[in-house]
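# Observations on the model geometry
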Amino acid sequence: MRKRLIIYVSLLFLFFSFTPLKAQQWQALYDSSFAHLNRGEFKQAIATMEQALSVSKVKYTSDPKDTLYAVSLADFGYIHMQSGDYTKAEDYFKQALRVKEKSFGKNSNSYAVTVVDLANLYRDTGKYGPAEDLYKQALDIYKTVYGEKHYHYGVGLNNLALAYEQMGRYEQAISQYKKALPIYKQALGEKDVNYASVLNNTAMVYEATGYYELAEPLYTEVLAILKEVVGEKHEYYATTLSNIAVMYEYMGRYPQAEALNLQALAIKKETVGEQSSQYAISLNNLAFLYKSMKQYEKSEPLLKQALAITKATLGEKHPNYARSLNNLALLYNQLNKYEEAVPLQQQALAIYKEAVGEKHGDYASSLNNLAFSYKLMKRYDQAEPLFKQAIAINKEVLGERHPSYTRMIDNLAFMYVASRRLPEAETLIHQSITNSLRQIENYFPALSDREKEQFNNTVKNYFEKFNTFALMRYTQNPAILGDMYNNQLATKALLLNASSKVKQRILNSNDTSLIKTYRLWLSEKENLVKIYKLPKSEIDKQGIKLDSLEQHANSLEKELSRRSAVFAQNSEQVQLNWQAVQKTLKKKEAAIELIRFRTFNFSSVGEFSDTVYYAALLVSRKTKNHPQLILLKNGNELEGRRLNYYRNTMLQRQTDSVSYHYYWQEIAKALTGIRKVYFSPDGAYNQININTLLNPKTQRYLIEELDIQAVTNTKDLLATGQSNTTENKTASLFGSPDYTIAPDKREALAQQVKSSNIENTEPVLYTLNLERSDNLVVLPGTKMEIDNIHRITSGQQWKNDVFMEEQALEENIKALHGPKVLHIATHGYFEKDIDPASASARNPLLRSGLMLAGAAYTLKNPSMNAMEEQTVEDGILTAYEAMNLDLDRTDLVVLSACDTGLGEVKNSEGVYGLQRAFKIAGAKSLIMSLWKVNDQTTQELMTGFYESWMQSENPHVAFRQAQLQLKQQHSHPYYWGAFVITGK
């Protein structure tokens, strides 16, 4: 439970129509009622306000223009809302609105305040549609009465933003906060608590969306303002400390989070006392931190103390008390104290039933929690009806498309697995997978790259859990292996394939009609995202024809697909399956999808274990009914000491007769009669070149026994895009850069780049852990390499642009427009050990790159950083920058440098580094290195590759031939196996 700084609008009413005696009596009752409320004495607060209401009603009966009755009604609604009686609260708010309309009119500040009160009630009870309408109504009133520059209009924007945040519509929340902030600043100045409050709320949205680097400086600014305005011993200061602590907890910075939580708790103790609901919130925050740190012995007493305080201040009928009960019960489940958890959850359920009714999301969640405890206790007969009741409520209230519905059917499926009712579990698990795929299809197009990654993190666990279930189920239902393969086709490299590069290409196409259609489609998809988050009752109430909206959005998408080949490629509507992949295979060919996953414990509280499996799913022309499974249960070993052993033997040029056994032997047994394999790696297999594995029995390397073509996803075999074979015989060749060239000379050379019209819209941040220019020695082999490639390709009537020495500029690379081949021979880098607080830690694409002309000068002059306004590039092309290159018509990118295939490996998404960046930029295939390479042998390998390619016109075949040829001169794979080729 988190506390934020919320703005309360106080109104000054003139009571000139009341007799002094009656006014004094009303004021005394009114003040007494709120004093009881602040102490959590709800019964007394209600009774006293009821007396105040009676006093004011007497006067209102004789004088309808009197103001106090309207005020009493609204505040009576507020007190009922705070006590958890939402039905009465709604009734009194509506009465207040009717009275205020008569007394003040709809276009009044007083009327707007109660509109906001009712909106808050609807928001807190999950009625988001009516809540949004009311917030907008209040905003329109403020605009009419005060104008868009007035403080009250800023308050309306802040209220609407808070609603959007709670509804999960973060982009809209940020937009409203950005509008509100300058209004607050102009009206109140920067040294004001209310201005700090809006900053705090903005920071919380950035935090919720994972933009910690944007949230943290805002929090720091809030602390500075509060320290100056109210001091460090104020409740608001403590609240901000708590907010920062929660963010640090999410980031895994536990020591800092603990220190801030303890500081906030001490301030709350001094300012509001230990018997305050605010103190209980701080206790809960600290308890949850200890739970995350698995320090359960510290967490439990804090949760109990918070529960006791909540009971004393708010009473046992308040929803907050129910939440505190559930918090403690969750900890008990974690500690296997199920018998202690159940009574708490039963009590919480009864509170929710009375407070919000049975047709409410909180009641459904409480049912689900209780059912889950029964499941853990193996009391399945009691758990099942509760799960089903919770699911039914969620289906009615939120609809089947809502993420909460998916979570609940998943929980019931867990119970069926734990009770060995696997067929029933399978039905539900398939439903949750279908829902997850639908959510991906519906949500992804309107999200930013960061939002896509966050959303993917919320749904990918369903697919990873499915893999464990499939292993339990496939002996009775082997067809589930096909589902396992199909899931991988749909989700592997999902973020890569759904990159925002699609948007950039369309918007940069100069096709005004296409851009207009795209923007219309995006608007409709964004509207659909809003609708999907509405409760089903609101969709029905508003008469929204969801199917029609989806069909229209899909028709626009199909139009875009027809008119933009790249868009069609990244927005496939057809469900791909293993049978479609099989149809592309020739005789003696096979496709292998490798799946790396953590095992899941269905019988526990529902946690992934630390055990890693690799499942190789094999399809060939002979496959019938389902793919073949080869299960490797030694995943932890493959990612640990076996990977280290492999890399060490390569770098030390030793014979490795062991790695084949661990990485390939079991897979090889299933490849009898197969000569070519399309292999989609995952996890540790992205960090090795399987062609370099030595078969200890035959004493032959895998490259000699099998033709293996690496692909990002085996669905790439279904790609219909045409290669640029004859019409685009162009190559851009970069090599032997002059690393020491100064900026002034680079600037003069950069002016000669005629088509350099690419602008960076964001600063590029990186920190390089290099020995400055000492590491950037001249590579004589790269000049020979580029000269040889130019000679070979020119002989086949290719048109080449050669950029060497001072011409090997970053500007020249960024000015390219889709050459058939881009070849870069230079130094590369990958930063493995980085400062966790650096920009590189937040974005792995900043941790790898290529050194071009002037790079050594940049490294020697750290004051020249990308935050300063520069008229010339710095000579270091990061993967982050490479991602935005125009390589849509590029068949092949060759990164002839060290470590260009390295990066941060992410499960099911491959390597976040240069290879990912160039794929997003549009390159169909890439050649890259997995370790530091030898300059001379690299030049020989590349020369041999181009000679073979000009004859075969198949880069994969040519590259394999070049490696086999180089192996004859240099037998150890350190020389010929550093580079790998991947792509279509």
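Relevant structure appears above.
Residues numbered from 1 in each chain as written. Predicted model: local features only at pLDDT ≥ 70, side-chain atom pairs only at ≥ 80, totals over all residues. Heavy atoms only, no water.

Secondary structure assignment for the protein chain yields 44 helices and 18 strands. With 984 residues in all, the protein chain has 58% of them scored as buried. Across the protein chain, contacts joining residues at least 24 apart in sequence account for 72% of those joining residues at least 6 apart. Entry remark: accessible area of the protein chain is about 41,600 Å², with carbon and sulfur atoms responsible for 49%. (Helix = DSSP H or I, 4+ residues; strand = E, 2+ residues; numbered from the N terminus. Buried < 20%, exposed > 50% of the residue type's maximum accessible area, 1.4 Å probe, protein only. Contact = heavy atoms within 4.5 Å. Areas by Shrake-Rupley, 256 points an atom, 1.4 Å probe, with all protein chains shown as cover.)

Okay, the packing of helix 15 (residues 319-334) against helix 16 (residues 338-355) next. Running from N to C, helix 15 and helix 16 cross one another at 160°; their axes reach a closest spacing of 8 Å. By the criterion of interaxial angle, the relationship of helix 15 to helix 16 is roughly antiparallel. Helix 15 and helix 16 meet at a crossing whose hand is left-handed. On the side of helix 15, the interface is formed by Pro319, Tyr321, Ala322, Arg323, Leu325, Asn326, Leu328, Ala329, Tyr332 and Asn333, while helix 16 contributes Tyr338, Glu340, Ala341, Leu344, Gln345, Gln347, Ala348, Ile351, Tyr352 and Ala355. Within the contact of helix 15 with helix 16, the residues separate by chemical class into 14 nonpolar, four polar and two charged. (Axes fitted to C-alpha atoms, helices over the stretch in contact; angles between N-to-C directions. Parallel < 35°, antiparallel > 145°, perpendicular 65-115°, else oblique. Left-handed = near helix turned anticlockwise from the far one by under 90°. Nonpolar A, V, L, I, M, F, W, Y, C, P; charged D, E, K, R; others polar.)

The subject of this paragraph is helix 15. An α-helical turn contains 3.6 residues, so a residue and the one three or four places further along point in the same direction. For helix 15, built from 16 residues, the straight-helix expectation of 22 Å at 1.5 Å per residue is met to within 8% by its first-to-last C-alpha distance of 23 Å. Along helix 15, the residues that are buried comprise Pro319, Tyr321, Ala322, Ser324, Leu325, Asn326, Asn327, Leu328, Ala329, Leu331, Tyr332 and Asn333. Next to the buried residues of helix 15 lie helix 3 (68-83), helix 4 (86-103), helix 13 (277-292), helix 14 (296-314), helix 16 and helix 17 (361-376). (Expected span 1.5 Å × (residues − 1).)

Considering the arrangement of structural elements, one finds Lys57 in helix 2 (residues 42-62). Among the residues examined, Lys57 registers a relative accessible area of 45% and is labelled partly exposed.

The three strands lie next to each other as 11-12-13, forming an open sheet whose pairing is antiparallel. Looking at strand neighbours, the two that pair on one side only are strand 11 (828-830) and strand 13 (876-878), the edges of this open sheet. Adjacent strand axes in the sheet meet at a mean angle of 25°, parallel and antiparallel pairs treated alike. One ladder, built from three bridges, connects strand 11 with strand 12 (residues 848-851); its direction is antiparallel. (Pairing = 2+ DSSP bridges.)

One pass over the full model with this rule turns up 23 aromatic pairs. A centroid spacing of 5.6 Å and a plane angle of 20° characterise the contact between Phe945 and Trp949, whose relative ring orientation is stacked. One end of the pair is Phe945 and the other is Trp949, both in helix 42 (residues 935-952) and four residues apart, which spans about a single turn. When its relative accessible area of 0% is taken as the criterion, Phe945 is described as buried. Taken together through their ring pairs, the aromatic side chains of Tyr614, Tyr663, Trp664, Phe679 and Tyr685 make up a single cluster. The lysine or arginine in question, Arg598, covers the ring of Phe608, its NZ or CZ lying 4.0 Å from the ring centre. Above the plane of the ring of Tyr974 lies Arg653, whose end atom (NZ or CZ) is 3.8 Å from the centre. (Phe/Tyr/Trp six-rings, centres within 6.5 Å; stacked < 30°, edge-to-face > 60°. Lys NZ or Arg CZ within 6 Å of the ring centre and 35° of its normal.)

Here the focus is the pattern of salt bridges. Within the structure shown, the criterion is met by 29 salt bridges. A salt bridge links Glu148 to Lys143; its shortest N-O distance comes to 3.1 Å. Judged by relative accessible area, which is 39%, Glu148 ranks as partly exposed. Where Arg596 meets Glu639, a salt bridge forms, and the shortest distance between an N and an O atom there is 2.7 Å. With Arg596 in strand 1 (residues 589-601) and Glu639 in helix 30 (residues 635-639), the pair connects residues that are 43 residues apart, well separated along the chain. (Salt bridge = Lys/Arg side-chain N within 4 Å of Asp/Glu carboxyl O.)

Our focus in this paragraph is unusual backbone geometry. Even without glycine at this site, Arg420 takes up a positive phi of about 65°. For Ser736, which is not glycine, the phi dihedral falls at a positive 45°. For Ser736, the position within the fold is in strand 8 (residues 730-737).

This next bit is on the pairing of strand 7 (residues 707-710). Residue alternation in strand 7 divides its side chains into two sets, Asp707 and Gln709 and Ile708 and Ala710, and both sets are buried. The pairing of strand 4 (residues 676-680) with strand 7 spans four bridges and is parallel. Following the sheet pairing, Lys676 is matched in strand 7 by Asp707.

Their axes nearest at 8 Å, the elements helix 3 and helix 4 cross at an angle of 160°. With respect to helix 4, the axis of helix 3 lies roughly antiparallel. In the crossing of helix 3 with helix 4, the sense of the turn from one axis to the other is left-handed. Contacts from Tyr69, Ala70, Leu73, Ala74, Phe76, Gly77, Tyr78, His80 and Met81 of helix 3 reach helix 4 at Tyr86, Lys88, Ala89, Tyr92, Phe93, Gln95, Ala96, Val99 and Lys100. For the contact of helix 3 with helix 4, a count of residues per class yields 13 nonpolar, three polar and two charged.

Time to look at the nonpolar core. In terms of nonpolar packing, the biggest core is built from 155 residues, with Phe469, Met484 and Tyr485 touching the most fellow members. Excluding residues within four positions of it along the chain, Met484 makes contact with Phe466, Asn467, Ala470, Ile595, Phe597, Ala615 and Leu617. (Core = buried A, V, L, I, M, F, W, Y, C linked by side-chain atoms within 4.5 Å.)

Turning to helix 6 (residues 128-146), a few remarks are in order. In a regular helix each residue adds 1.5 Å, so 19 residues correspond to 27 Å; helix 6 covers 27 Å between its end C-alpha atoms and thus fits that length. Every buried residue of helix 6 is listed here: Tyr128, Gly129, Pro130, Ala131, Glu132, Leu134, Tyr135, Ala138, Leu139, Ile141 and Tyr142. A positive phi of about 95° marks Gly147, the residue just after helix 6.

In terms of burial, strand 10 (residues 821-825) is a largely internal element, five of the five residues being buried. Both faces of strand 10 are covered, namely the face carrying Val821, His823 and Ala825 and the face carrying Leu822 and Ile824. Both strand 8 and strand 10 contribute to a ladder of five bridges, which runs parallel. Looking at strand 10, one finds that Ser732 is bridged to Leu822. In this sheet, strand 14 (residues 892-896) lies alongside strand 10 in parallel orientation, the contact comprising five bridges. Residue pairing in the sheet places Ile824 in a bridge with Leu895 of strand 14.

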